[in-house]
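Topology and contacts: notes
Below, each chain spelled out in residue letters.
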Amino acid sequence: MRFLSEKLPGVAVLGIPLLWISVFMLLPYAIIATYSFWTKQYPTFSPDFQFGNYLTLFTDPQYSKVLIRTLKVSLLVSLFSFLLGYPFAYFLAFRCKSQALRTWLYMAVIAPLWVSYLLRAYVWKTILGTEGVLNSFLMSIGILSEPSDMFLYNQFAMVVTLTYIFIPFMVMPIYTALEKIPRNLVEASADLGLRPIPTFLRITLPLSIPGVAAGFTMTFCLTFGDFVAPFLVGGPDGNLVANVIVTQFGTALNWPMGSALSILVLVIVLTVLSLSGRVERHYSPKEV
Amino acid sequence: MVMTLSTPRVAAPVKKKRSVVQRFAADTAFMTFVAILMAFLYIPIWILIIFSFNDSRSLTWPLSGFTLEWYQRLWNNSQLQDAIGNSFYVASCATVLTLLVGVPAALALHRLHFPGKTVFRRLVVLPITLPGVVTGISMLNLFRVLGFDLSLETVILGHATALLAVVVTQVSARLERLPKSLEEASADLGATQIYTFIHITLPNIRSAVIGAGLLSFVLSFDEIPVTFFLTGRDNTLPMYIYSTMRRGVTPEINAVGTLIVLFSLILIVAAVIATRDRKH
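From a predicted model like this one, the values you see are computed outputs, not experimental measurements.

1. Here we look at the overall build of chain A
- Helix and strand content of chain A: twelve helices and two strands.
- What you see in chain A, going N to C, is helices and strands ordered as α-β-β-α-α-α-α-α-α-α-α-α-α-α.
- Overall, the C-alpha framework of chain A stretches about 80 × 70 × 40 Å when taken along its three principal axes.
- Relative to its 288 residues, chain A shows a buried fraction of 53%.
- In chain A, of all internal contacts separated by at least 6 residues, the share reaching a separation of at least 24 is 68%.
- Accessible surface computed for chain A: about 13,700 Å², of which carbon and sulfur atoms make up 71%.
- Between the centroid of the 18 positive side chains of chain A and the centroid of its 13 negative side chains there is a distance of 8 Å.

Below is the structure:
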């Protein structure tokens, strides 16, 4: 009895999650990994082991173009989120004097995460559309004489929308990293005669790199796999990788190709994760 | 020599004055920047809300008049109400399931040492960064292989898997801040592990568990990519809205949106209150 009450909790505590992960994560990944080597023989597929699907991904411009576009959009979204998010997080951590204002502003950036992601994408469609809020507003104040279609259904619209959606994921880790920096380091640097900007570049920025890396990882990976925003605001040339995956499993009925693409996304995400993990470790303050 | 030595003393007040001016300029710049970012984040949400009360089918400026028509239509839309019911069902079940698996996973990571622990940790938190489309596709194939029909229940399993990462990271973070001495003292006094968990560990991580549960609920309520692949004939609320959007922009979506914003706001307040640690 004593043995049971000592060993059983440990077994259950580890066993349940382990079983869950094996059945609902490892097994499914193994299945699509297997499919990715199969051959398509319209209208079905036959078991096989060949790298043709992966080869097609990189050689067929239909796929490689989408991959490059996805990479570009993801990098732009991460970059814009960083450019907007870093100064904001810096202001919160170092410049904001009032604790109440800091709490409110931090909450204000995080709160949109709780508001439906779909609606946040949708609202940009209503703003940027030809018959949308921005066009009609610009016309009503006389800047435009007729509605312009330059705002919606292009990569610009996609980058704006996705930046809007994912920016909290950039602000959170950067703010956490900045907050951890001991204030006396910055003060010491000032006392030693370094001006604010060199102090920032040589002390604050390097110490906040782990947060930046975490933020880049989140915004990059989330954008990389998004298919809703491209669908709503991306237009005909705005398909990203995830849209193509959806098509392969839907109308195109090419599961092996869709699986190969999914595995590629999985590998890219894992690569980004391990790279950013390395960066974070490299820049983390060493234990003394 | 004398000149060079005395120069700093003369220059000091001037330098100080300049730094005050610079500081003021920097503060103003920061404030402007923060204001612009806040406008970027919140003007769209206000646009969503304002147009839900606008008396026109098209979403164009200037506003034409006040109406509650779009809300009335929601009230009479039975498909929408079914979708809302389904979403509550899915989000509640997925939250309970993910907590039942996630809290033990966090405990295992915190307390146990076992081979493959690093891989286990990486796997558990992977869905935070792994796009939902991969989770959705891979689980869809699992259910096909196993011969399961797609239904709201398969959606629940999908959500619970995707949200595991949220629960594990939040609960782990809290466990790490918990002093080990508490549990050790309990064990030294002869309490069993189960007793210690219920009376010592659980009360201390309670607010983190509640917070993680609320967040899981919201994320599940709002989930599209996994639901997209795993749902059968029944629609959840976001899937219903998504399919409405395919047909175009209508103020009815703004009305649903406004209600969702309101609902989210209530949940945020609830989360802030629930996760606020009582100070002794």
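2. Side note on the UniProt feature "transmembrane region" (unreviewed entry) in chain A
Residues and elements named next belong to chain A.
- Mapped onto the present numbering, the UniProt feature "transmembrane region" (unreviewed entry) falls on residues 12–38, 73–92, 104–123, 156–178, 199–232 and 252–276.
- For the annotated span residues 12–38, helix accounts for 89% and strand for 0% of the residues, and the straight-line distance between the end C-alpha atoms is 38 Å.
- In residues 73–92, helix accounts for 100% and strand for 0%; the two terminal C-alpha atoms are 28 Å from one another.

3. Re the interface of chain B and chain A
- Taken together, the contact between chain B and chain A spans 81 residues of the former and 78 residues of the latter.
- Surface buried jointly by chain B and chain A totals about 7,500 Å² across both partners, of which 80% is contributed by carbon and sulfur atoms.
- For the chain B face of the interface with chain A, the top three residues by lost area are Phe30, Phe40 and Thr129 of chain B, together amounting to 8%.
- Where chain B touches chain A, the interface holds one salt bridge.
- Close ionic contact of Asp27 of chain B with Arg95 of chain A constitutes a salt bridge, the shortest N to O distance being 3.0 Å.
- At the boundary of chain B with chain A, the tally comes to nine residue pairs in polar contact (both at pLDDT 80 or more).
- Considering every element that reaches the side of chain B that touches chain A, the biggest residue donor is helix 1 (residues 2–52) of chain B, with 19 residues.
- Within the side of chain B that touches chain A, the residues separate by chemical class into 63 nonpolar, twelve polar and six charged.

4. Here we look at helix 5 (residues 132–146) of chain B
Residues and elements named next belong to chain B.
- Given a rise of 1.5 Å per residue, 15 residues ought to cover 21 Å, and the 21 Å separating the end C-alpha atoms of helix 5 matches this to within 8%.
- Counting buried residues in helix 5 gives twelve out of 15 residues, a clear majority hidden from the surface.
- When helix 5 is considered as a whole, its buried residues turn out to be Gly132, Val133, Val134, Thr135, Gly136, Ile137, Ser138, Met139, Leu140, Asn141, Leu142 and Phe143.
- Gly147 sits one or two residues past helix 5 and shows a positive phi near 80 degrees.

5. A word on the packing of aromatic side chains
- Taken as a whole and assessed by the stated rule, the structure comprises 33 aromatic pairs over all chains.
- Between Tyr35 of chain A and Trp38 of chain A, the ring centres sit 4.8 Å apart and the planes meet at 70 degrees, which makes this aromatic pair edge-to-face.
- Exposure remark for Tyr35 of chain A: the relative accessible area of 11% places this residue in the buried category.
- Look at Phe220 of chain A and Phe224 of chain A: their rings are 5.6 Å apart centre to centre, the planes differ by 25 degrees, and that puts the pair in the stacked class. Taken together, the residues Phe220 of chain A and Phe224 of chain A, both in helix 9 (residues 196–224) and four residues apart, mark about one turn of the helix.
- Accessibility expressed as a relative area gives 9% for Phe220 of chain A, which makes it buried.
- Given a relative accessible area of 1%, Phe224 of chain A falls into the buried group.
- Among the aromatic side chains, those forming a connected cluster through ring pairs are Phe82, Tyr86, Tyr90, Phe91, Phe94, Phe200 and Phe216 of chain A together with Phe30 of chain B.
- The ring of Phe94 of chain A is capped by Arg183 of chain A, whose NZ or CZ atom sits 4.3 Å from the centre of that ring.

6. Re the UniProt feature "transmembrane region" (unreviewed entry) in chain B
Residues and elements named next belong to chain B.
- Feature annotation in UniProt places "transmembrane region" (unreviewed entry) on residues 24–53, 88–110, 122–143, 208–230 and 253–274, given in this structure's numbering.
- Secondary structure content for residues 88–110 is 100% helix and 0% strand, and the end C-alpha separation is 32 Å.
- Taken end to end, residues 253–274 is 100% helix and 0% strand, and its two terminal C-alpha atoms sit 31 Å from one another.

7. Describing empty space enclosed by the protein
- Summed over all chains, the structure comprises two cavities of 30 Å³ or more.
- Its volume calculated, the largest cavity comes out at about 100 Å³.
- Considering the residues around the largest cavity, the lining is formed by Trp114 and Ser116 of chain A together with Val218, Phe221, Asp222, Pro238, Ile241, Ile260, Phe263, Ser264 and Leu267 of chain B.
- Mapped by element, the contributors of at least two residues to the lining of the largest cavity are helix 8 (193–221), helix 10 (237–246) and helix 11 (251–275) of chain B.
- With four residues, the single largest contributor to the lining of the largest cavity is helix 11 of chain B.
- Looking at side-chain class alone, the lining of the largest cavity contains eight nonpolar, two polar and one charged residues.
- Taken as a whole, the second largest cavity holds about 40 Å³ of empty space.
- Along its surface, the second largest cavity is lined by Val115, Leu119, Arg120, Val123 and Tyr164 of chain A together with Ile45, Leu48 and Val261 of chain B.
- Put simply, the parts of the chain that give the lining of the second largest cavity at least two residues each are helix 5 (117–128) of chain A together with helix 1 of chain B.
- Examining the composition of the lining of the second largest cavity, we find that three residues originate from one element, helix 5 of chain A, more than from any other.

8. Remarks on the nonpolar core
- One finds Phe88, Trp114, Leu178 and Phe227 of chain A to be the most contacted residues of the largest nonpolar core, which totals 173 residues.
- With 15 residues, helix 7 (residues 155–180) of chain A is the single largest residue contributor to this core.
- When residues of this core are assigned to domains, at least three fall in each of domain 1 (1–52) and domain 2 (75–275) of chain B.
- In this structure Leu178 of chain A touches Tyr86, Ala89, Tyr90, Ala93, Phe94, Arg183, Thr204 and Ser208 of chain A, once residues within four positions along its chain are discounted.

9. Some words on the domain arrangement of chain B
All names here are of chain B.
- Annotation of chain B at the domain level lists domain 1 (1–52) and domain 2 (75–275).
- Centre-to-centre, using C-alpha coordinates, domain 1 lies 42 Å away from domain 2.
- Contacts between the two partners involve six residues from domain 1 and, on the opposite side, six residues from domain 2.
- Counting each side, the surface lost to burial between domain 1 and domain 2 is near 450 Å², with a carbon and sulfur contribution of 71%.
- Of all residues in domain 1, Leu48, Ile49 and Ser52 give up the largest surface area on contact with domain 2, accounting jointly for 77% of the area buried on that side.
- At the junction of domain 1 and domain 2, the tally comes to zero salt bridges.
- Summed over the shared surface of domain 1 and domain 2, the number is two residue pairs in polar contact (both at pLDDT 80 or more).
- Partitioned by chemical class, the residues of the side of domain 1 that touches domain 2 number five nonpolar, one polar and no charged.

Cut-offs used in this document
- Residues numbered from 1 in each chain as written.
- Chains lettered and ligands numbered in written order.
- Predicted model: local features only at pLDDT ≥ 70, side-chain atom pairs only at ≥ 80, totals over all residues.
- Heavy atoms only, no water.
- Helix = DSSP H or I, 4+ residues; strand = E, 2+ residues; numbered from the N terminus.
- Buried < 20%, exposed > 50% of the residue type's maximum accessible area, 1.4 Å probe, protein only.
- Contact = heavy atoms within 4.5 Å.
- Areas by Shrake-Rupley, 256 points an atom, 1.4 Å probe, with all protein chains shown as cover.
- Lys, Arg positive; Asp, Glu negative; His and termini not counted.
- Charge placed at Lys NZ, Arg CZ, Asp CG, Glu CD.
- UniProt positions renumbered as here; feature names shortened; annotations may be inferred.
- Buried area = accessible area lost by both parts, 1.4 Å probe.
- Salt bridge = Lys/Arg side-chain N within 4 Å of Asp/Glu carboxyl O.
- Polar contact = N/O pair within 3.5 Å; in protein donor to acceptor, adjacent residues only side chain to side chain.
- Nonpolar A, V, L, I, M, F, W, Y, C, P; charged D, E, K, R; others polar.
- Expected span 1.5 Å × (residues − 1).
- Phe/Tyr/Trp six-rings, centres within 6.5 Å; stacked < 30°, edge-to-face > 60°.
- Lys NZ or Arg CZ within 6 Å of the ring centre and 35° of its normal.
- 1 Å grid on protein atoms, 1.4 Å probe; cavity = no way out; pocket = protein on both sides within 12 Å on 5 of 7 lines; lining within 4 Å.
- Points joined across faces, edges and corners; volume = space filled by probe spheres on them.
- Core = buried A, V, L, I, M, F, W, Y, C linked by side-chain atoms within 4.5 Å.
- Domains from an automatic or database assignment.

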